[in-house]
Amino acid sequence: MTDHTVLHVRGRVLAGPEDVRDELWVVGGRVTYERPAGAREVTTVTGWALPGLVDAHCHVGLDAHGPVPVETAERQALADREAGTLLIRDAGSPSDTRWIDDREDLPRIIRAGRHIARTRRYIRNYAHEVEPADLVAYVAREARRGDGWVKLVGDWIDREAGDLTACWPRDAVEAAIAEAHRWGARVTAHCFAEDSLRDLVEAGIDCVEHATGLTEETIPLFAERGVAIVPTLVNIATFPRLADGGAAKFPRWSAHMRRLHARRYDTVRAAYDAGVPVFVGTDAGGSLAHGLVAAEVAELVRAGIPPVAALSATTWGARAWLGRPGLTEGAPADLVVYEGDPRADVRTLAAPRRIVLRGRIVG
């Protein structure tokens, strides 16, 4: 395709869960539903079109050991793109990935800056590790560096307690979230266990990652406050392996991780049923491979979320939550075309027919 080529997407265009169009056109890299007059070069793609998929918990520029070279980060972003992920909320990375913004062939990224964790209470080389007295200052720093999000580590294993415990006192959390909001940034937090959730939500947090510790007591609080969760079920699937590795040294932690894993589907379904906003995220870039967005959607369906709602969690709903357009008139043309109707079978997402990014076919 050249800059003068018009792209014609014909078949079924899922502009919304029930908003199905017969075709759209891409002119100058943007979506239009009006047939362009006098187009000389037209490339036609047929199938079922969705807005580019969203991975709302992904880490480009990070692997299990910390920051990675630019070449590795590029491969990560390309793997996400080939899976149909065209919008990423990067939920914490020590790498500077601003160079990706200049690449027309790579997904768009909304950054949360670098993780902010308690000293010696997170994965080595990932986070700023600070004490409560410094939390507000680091939140302000990452709010300035990010794209409207800040990422806290809400809980982690406490080696003295031998189990997961909250990382921050209530007053520090309240001050930190207020500071992020003052800078116009939303706040999310890594949370596996139960203990930190009430303090975070009552302090005004906007989202919680993983959220395996939700209970009958905290789910209504999340729903009432409109706090979203990104369950990352493809990551939670690793809990038994992690529990095996730590069982001898930290038996309480190991047993706790197994319990959280065993009830993971019930937890997500209960949250969804209560009205908690649920979005798709894979947690790629730590120990997990990139390009797992279709697997995560399938996991949400396995948990009991209706297929169309699970699709929305990575398309229409996710884009609205992140403040990015879908397939609306005049929007940037970021879309994925499939052989069949993904509403009928979400496994269709695993096999994109065509990927269009910034109005160009890239895959």
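Residues numbered from 1 in each chain as written. Predicted model: local features only at pLDDT ≥ 70, side-chain atom pairs only at ≥ 80, totals over all residues. Heavy atoms only, no water.

Enquirer: Could you give me a rundown of the sheet that holds strand β9 (residues 108-111), with the residues and numbers involved?
Expert: Read from one edge of the open sheet, three strands run β5-β8-β9, paired in parallel fashion. Only two strands of the sheet have a single neighbouring strand rather than two, namely β5 (53-58) and β9. Recorded for the sheet is a direction-independent mean angle of 20 degrees between the axes of neighbouring strands. Where strand β8 (residues 85-90) meets β9, four bridges bridge the pair, whose relative direction is parallel. Residue pairing for β9: Leu87 is matched across the bridge by Arg108. (Pairing = 2+ DSSP bridges. Helix = DSSP H or I, 4+ residues; strand = E, 2+ residues; numbered from the N terminus. Axes fitted to C-alpha atoms, helices over the stretch in contact; angles between N-to-C directions.)

Enquirer: I'd love a proper account of the sheet that holds strand β20 (residues 360-361), names of residues and values included.
Expert: Strand pairs in the sheet, formed through backbone hydrogen bonds, run parallel or antiparallel to each other. With mixed pairing, the seven strands of this open sheet are ordered in space as β3-β2-β1-β4-β18-β19-β20. The open sheet has two free edges, formed respectively by β3 (30-32) and β20, since each of these has just one partner strand. When strand β4 (residues 42-51) meets strand β18 (residues 335-338), the two strands line up antiparallel, connected through four bridges. Bridging from a neighbouring strand, Ala49 pairs with Val337 of β18.

Enquirer: Quick rundown of the pairing of strand β16 (residues 207-210)? Include the residues and the values.
Expert: Side-chain direction in a regular strand flips from residue to residue, so the side chains alternate between the two faces of the sheet. Across four bridges, the pairing between strand β15 (residues 186-191) and β16 is parallel. Opposite Thr188, over in β16, you have Cys207 as the bridge partner. Remark: the β15/helix α4 (residues 197-202)/β16 crossover connection has right-handed handedness. Where β16 meets strand β17 (residues 228-230), three bridges bridge the pair, whose relative direction is parallel. Across the sheet, Glu209 pairs through a bridge with Val230, a residue of β17. (Right-handed = clockwise from strand over helix to strand, strands pointing away.)

Enquirer: Explain the nonpolar core to me, and be specific about the residues and the numbers.
Expert: In this structure, Ile205, Phe222 and Leu300 are the most contacted members of the largest nonpolar core, which totals 78 residues. Per-element tally for this core: the top contributor is helix α3 (residues 170-182), with five residues. Excluding anything up to four places from it in sequence, Leu300 contacts Pro231, Leu233, Val268, Val278, Val280, Ile305, Ala310 and Ala313. (Core = buried A, V, L, I, M, F, W, Y, C linked by side-chain atoms within 4.5 Å. Buried < 20%, exposed > 50% of the residue type's maximum accessible area, 1.4 Å probe, protein only. Contact = heavy atoms within 4.5 Å.)

Enquirer: With reference to specific residues and values, describe the pairing of strand β2 (residues 20-27).
Expert: Relative to β2, strand β1 (residues 6-14) runs antiparallel, the two being bridged by six bridges. Bridge pairing links Leu7 to Val26 in β2. Counting the residues in the hairpin turn of β1 and β2 gives five residues. Taken together, the three bridges between β2 and β3 define a ladder with antiparallel strand orientation. By the bridge assignment for β3, Val26 is matched with Val31. Joining the antiparallel neighbours β2 and β3 is a turn of two residues, in which Gly28 adopts a positive phi near 60 degrees.

Enquirer: So what's going on with the environment of Gly47? Which residues, and what values?
Expert: Topologically, Gly47 is positioned in strand β4. Under the relative-accessibility criterion, Gly47 is labelled buried at 11%. A C-alpha to C-alpha distance of 8.5 Å links Gly47 and Asp341, two positions 294 residues apart in sequence. If sequence neighbours within four positions are ignored, Gly47 has contacts with Arg10, Gly11, Arg12, Val337, Tyr338 and Arg353.

Enquirer: So, unusual backbone geometry: which residues are in play, and what are the values?
Expert: In this model, Arg120 sits at a positive phi of 55 degrees, which is unusual for a non-glycine residue. Positive phi outside glycine occurs at Thr232, with the angle close to 50 degrees. Looking at where Thr232 falls in the secondary structure, it is placed in the loop between β17 and α6 (233-236).

Enquirer: Explain the side chain of His128 to me, and be specific about the residues and the numbers.
Expert: With respect to the element layout, His128 can be found in strand β11 (residues 128-130). Ignoring any residue separated from it by four or fewer positions in sequence, one finds His128 in contact with Arg114, His115, Ile116, Ala117, Tyr138, Arg141 and Glu142.

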